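Structural features, examined
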Amino acid sequence: MKTFTFYVIALLCLLTSEINAQTFEERVSEISKNIEDITKQEKELLKIEVERVNKMLDDNEITYEEAETRKKEYATQRAKNIETRVTLENEKLTQLVKDKVAGKVENTKTTKKKYNFSVGNTPLVGLKGENSKKRYSQRTTTQFVFAFGINRLESDGDIDNDNYKWRSDFYEWGVTWNTRIFEENNFLHAKYGLSLQYNNLRPDDNKMFVNEGGKTFLADSGLDIKVARLRYVNLVVPAHLEFDFTKKKDRGDWVSFPSHRSFRVGLGGYAGVNVKEKQILKYREDGHRKKRKAKGGFNVSDFVYGVSAYVGYGETSLYVKYDLQPVFSNNDVDQNNLSLGVRFDFN
């Protein structure tokens, strides 16, 4: 999602000397408000849709695969909705400026200067005059991030593939800010934000997690388990150094720096806190389907920190993250979570 605040402020301040401020300002303010409302509406609707899917999954109304498919579809559709609706408003804004340049909007003063404006990574217009000066598109943009993939526990360099189903998984969603570090070079970016990481560990062979003596381990449940998972949710602050091979566009009087349009590599990490842990069991007993939930009490580490990296093209990347702190805080043998998946950064 592109940030339009800078454009609106610059437009109102810098054109004061040459436009009819009252009429022009009202029209720009209306378009700007529409853009902000569109972004807020679509984000809120996506949040509601994800929460609804999670509830349906917890209530056993849909399968895990169906839940993940719906979440991906909702995230993709909301991103498209924002892009489509904002593009229409952007076209109105661009046309308004063109009308001004063409003289369809009355001037209050005859002196003209050159100004350049940009929305997100795309310069919109330059007004030429005697005091020409090269301008650059804004250095910080925002993205909605969604990622999903598989989890595995690692201990002393060995991956535990025996005790967990292949569907042990994670998904992550959040918002990031992407800042171009150098004003005239598009290669290096600082990427930082806020994310929720949902991690699921799914034991195999009718096993479940138990806590005895302050230690958490897998044990035979003695039940005919159909679904077993330990979910722990972390709120983290990710930070990456991103190398973006998207070329800048230099058109003489203004320069734009598009992002997420070519190969990208990100290296960094994350740190945060655990906000929830819960074990869910679904099993059959005496011919009846039953469900059991246990919240907390599994000694999941209160704090989380780790390293992560991604490489991809455009908005899609392969994504890997590794928790440097053990999943369980008091166990004799440390087990760290390794995740591999796909990441989407929607502008």
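Scanning the protein from N- to C-terminus turns up 3 helices and 17 strands. Per-residue burial for the protein yields a buried fraction of 47% across its 347 residues. Summarising the internal contacts of the protein: among those between residues at least 6 apart in sequence, 69% fall at separations of at least 24. Put simply, the protein shows about 17400 Å² of open surface, and 53% of that area lies on carbon and sulfur atoms.

Bringing the side chain of Lys278 into the picture now. Note on placement: Lys278 falls in strand β13 (residues 263–285). The side chain of Lys278 is buried and forms no salt bridge, while Asp58, the nearest opposite charge, is found at 4.1 Å. If we ignore the near neighbours within four places in the chain, the residues touching Lys278 are Asp58, Arg229, Leu230, Arg231, Lys293, Ala294 and Lys295.

Quick look at a positive patch on the surface now. A contiguous patch of positive charge, built from Lys276, Lys291, Lys293 and Lys295, is present on the exposed surface. Looking at the positive patch element by element, the count peaks at 3 residues for strand β14 (residues 288–295). Looking at where Lys291 falls in the secondary structure, it is placed in strand β14. We classify Lys291 as partly exposed; its relative accessible area is 36%.

All right, on to the packing of aromatic side chains then. Enumeration over the complete set of coordinates arrives at 12 aromatic pairs. Relative to Phe245, the ring of Phe187 lies with its centre 5.2 Å away and its plane at 75 degrees, an arrangement referred to as edge-to-face. Here Phe187 is found in strand β7 (residues 185–201), whereas its partner Phe245 is found in the loop between β10 (224–244) and β11 (249–250), with 58 residues between them in sequence. Look at Phe245 and you get partly exposed, because its relative accessible area is 43%. An aromatic cluster is defined as three or more aromatic residues linked by ring pairs; in this entry it consists of Phe144, Phe146, Phe148, Phe344 and Phe346. A cation over a ring is seen here: Arg343 above Tyr319, with NZ or CZ 5.3 Å from the ring centre.

Residues Leu153, Tyr164, Leu201, Phe209, Leu230, Tyr232, Phe298, Val300, Val327 and Phe328 constitute the largest nonpolar core, which totals 10 residues. Apart from the residues lying within four places of it in its own chain, the contact partners of Tyr232 are Gln197, Tyr198, Asn199, Leu201, Asn274, Lys276, Glu277, Val300, Asp323, Val327 and Asn337. Counting 8 residues, the second largest nonpolar core, distinct from the first, contains Val28, Ile35, Leu93 and Leu96.

Relative to the helices and strands, Gly268 resides in strand β13. Classification of Gly268 as partly exposed rests on a relative accessible area of 29%. The sequence separation of Gly268 and Leu241 amounts to 27 residues, and the corresponding C-alpha distance is 6.1 Å. Apart from the residues lying within four places of it in its own chain, the contact partners of Gly268 are Ala239, His240, Val307 and Ser308.

Through backbone hydrogen bonds, the strands of a sheet pair up, either in parallel or in antiparallel fashion. The strand order across the open sheet formed by 3 strands is β3-β12-β11, and the pairing between neighbours is mixed. Edge positions in the sheet fall to β3 (135–136) and β11, since each has one partner strand and no second. In this structure, β3 lies alongside strand β12 (residues 254–256), joined through 2 bridges in parallel fashion. Following the sheet pairing, Arg135 is matched in β12 by Trp254.

Before going further, it helps to examine unusual backbone geometry. Here the phi dihedral of His260 falls at roughly 60 degrees; this positive angle occurs in a residue that is not glycine. Topologically, His260 is positioned in the loop between β12 and β13. Even without being a glycine, Asp286 presents a positive backbone phi close to 55 degrees. Structurally, the position occupied by Asp286 is in the loop between β13 and β14. Residue classification places Asp286 among the exposed positions, given a relative accessible area of 70%.

One pass over the structure, following the stated rule, counts 15 salt bridges. A salt bridge links Arg78 to Glu42; the nearest nitrogen and oxygen atoms lie 2.8 Å apart. Taken as a pair, Arg78 in helix α3 (residues 64–101) and Glu42 in helix α2 (residues 21–58) lie far apart in primary sequence, 36 residues in all. In this structure Arg78 comes out as buried when scored by relative accessible area, which is 14%. Assessed through its relative accessible area of 3%, Glu42 is described here as buried.

Looking now at the pairing of β10. Relative to β10, β7 runs antiparallel, the two being bridged by 12 bridges. Bridging from a neighbouring strand, Tyr192 pairs with Ala239 of β10. One ladder, built from 20 bridges, connects β10 with β13; its direction is antiparallel. Bridge assignment links Asp224 to a residue of β13, and that residue is Arg284.

Definitions and limits used
- Residues numbered from 1 in each chain as written.
- Predicted model: local features only at pLDDT ≥ 70, side-chain atom pairs only at ≥ 80, totals over all residues.
- Heavy atoms only, no water.
- Helix = DSSP H or I, 4+ residues; strand = E, 2+ residues; numbered from the N terminus.
- Buried < 20%, exposed > 50% of the residue type's maximum accessible area, 1.4 Å probe, protein only.
- Contact = heavy atoms within 4.5 Å.
- Areas by Shrake-Rupley, 256 points an atom, 1.4 Å probe, with all protein chains shown as cover.
- Lys, Arg positive; Asp, Glu negative; His and termini not counted.
- Salt bridge = Lys/Arg side-chain N within 4 Å of Asp/Glu carboxyl O.
- Patch = residues over 30% accessible without salt bridge, like charges linked within 9 Å, V, L, I, M, F, W, Y side chains within 5 Å.
- Charge placed at Lys NZ, Arg CZ, Asp CG, Glu CD.
- Phe/Tyr/Trp six-rings, centres within 6.5 Å; stacked < 30°, edge-to-face > 60°.
- Lys NZ or Arg CZ within 6 Å of the ring centre and 35° of its normal.
- Core = buried A, V, L, I, M, F, W, Y, C linked by side-chain atoms within 4.5 Å.
- Pairing = 2+ DSSP bridges.

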